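Below, each chain spelled out in residue letters.
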Amino acid sequence: MRRCFVCEADSLEPTDRHIVHEGGQRRAFPFACASCGVLVEAGADSSACWAHLARGLAGRAFRLDPEAPYGLDIYTLRLAATRLRRGVRAVREADRVALLHPHSERAAAGDLFDLNAALPATVSLGLLCRPQDLETVLARLPAHAAWTSDVAILVDAPDGPPSAAPIRGYSTGAVRIAARPLAGDFAAQRNALQDLSRRAWMLQLDADEDLAPAVSELLPALAALAEEGDILSIGLPRRNRVDGILSDVYPDVQYRLNRAHVRFRGRVHERPDLGGAWRRGFITLHGAIEHRLSRAHVEARSRRYEAMDPGRGRPEEETALLRPYRP
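Definitions and limits used
- Residues numbered from 1 in each chain as written.
- Predicted model: local features only at pLDDT ≥ 70, side-chain atom pairs only at ≥ 80, totals over all residues.
- Heavy atoms only, no water.
- Buried < 20%, exposed > 50% of the residue type's maximum accessible area, 1.4 Å probe, protein only.
- Helix = DSSP H or I, 4+ residues; strand = E, 2+ residues; numbered from the N terminus.
- Right-handed = clockwise from strand over helix to strand, strands pointing away.
- Pairing = 2+ DSSP bridges.
- Axes fitted to C-alpha atoms, helices over the stretch in contact; angles between N-to-C directions.
- Contact = heavy atoms within 4.5 Å.

Caption draft 1: Molecular detail of the pairing of strand β11 (residues 151-156). Among the 6 residues that make up β11, 5 are buried, leaving the element largely enclosed by the rest of the structure. In this fold, strand β10 (residues 123-129) hands off to helix α4 (residues 134-140), which returns the chain to β11; that crossover is right-handed. Relative to strand β13 (residues 175-180), β11 is paired through 6 bridges, and the arrangement is parallel. Within β13, the residue paired with V151 across the bridge is V175.

This is the structure in structure tokens:
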């Protein structure tokens, strides 16, 4: 198994973690996914593991099979369930505690339910773009009208008064456009966009990114699930397509669905600042952000980022982005 059978990350590492089942049965595993936290046996078959877990996630309740070739706690269970558009609720107090303190040795157990694609709009859509991309960004907005009634667009341009744009599917004033110079600081630009949210949560996308309607329709349900579990930030996988070819940099999780008060940190490769409490974020696997790149952009990006924030440009990422996806 090269990639994780749950999240598809190329991040299986040796571990000394173990799982304890009810009755005290203790089981050690040699490998763990550094991204989602699932444990696996040596030589386990990826397809068989996922098929077994998917069957367990299909019912009303889940209890980890002591004989399964994998192990997971309730935190990882919640993440895995989103791949099937399902949510998990802790039933016992010990499981509620484990959910807030990953990765617990306690075997995963919980009630399962379908994530509701028809919840009220509680998430704003925030978009970052350059002036030359604004027309394209506006043209894509009708696809998002089913899940959000509030859109803020922040253009990398000199300060100017906000304006409203009439867009099919949105009420008057629902789509607002503001301007602010990027000035070499992506976190500051994202924070300015966060401040434009009129909802408790905001999903942020860049002009070269998109989210399919079948993926975005679950964002309000995910925000509701997060509020049950003291979560501040939700990450989505991102598919990087360089000149149309899927890159090996996957899942490339981007923490873009955040409570509106959350701040980003980092001039480049910015991330939400959760104050060191990484347990207050989780990853959803029900779909991915689509990221369109050109080879020329990839070749120039790391050098540009390194100039903006010396030591954090990740020049090594260029090679990985240009390498086609390897299962």
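Caption draft 2: Structural context of the sheet that holds strand β6 (residues 61-63). Pairing in this open sheet of 3 strands is antiparallel, and the strands run β6-β9-β8 from one edge to the other. Each edge of the sheet is formed by a strand with only one pairing partner; in this case those strands are β6 and β8 (86-89). Looking at each pair of strands side by side, their axes are set apart by 35 degrees on average, direction ignored. Judged from the 3 bridges that link them, β6 and strand β9 (residues 109-114) form a sheet pairing that is antiparallel. In the sheet register, F62 faces β9, and the bridge partner there is G110. Against the sheet, helix α2 (residues 74-82) contacts β6, β8 and β9, and its axis sits at roughly 160 degrees relative to β8.

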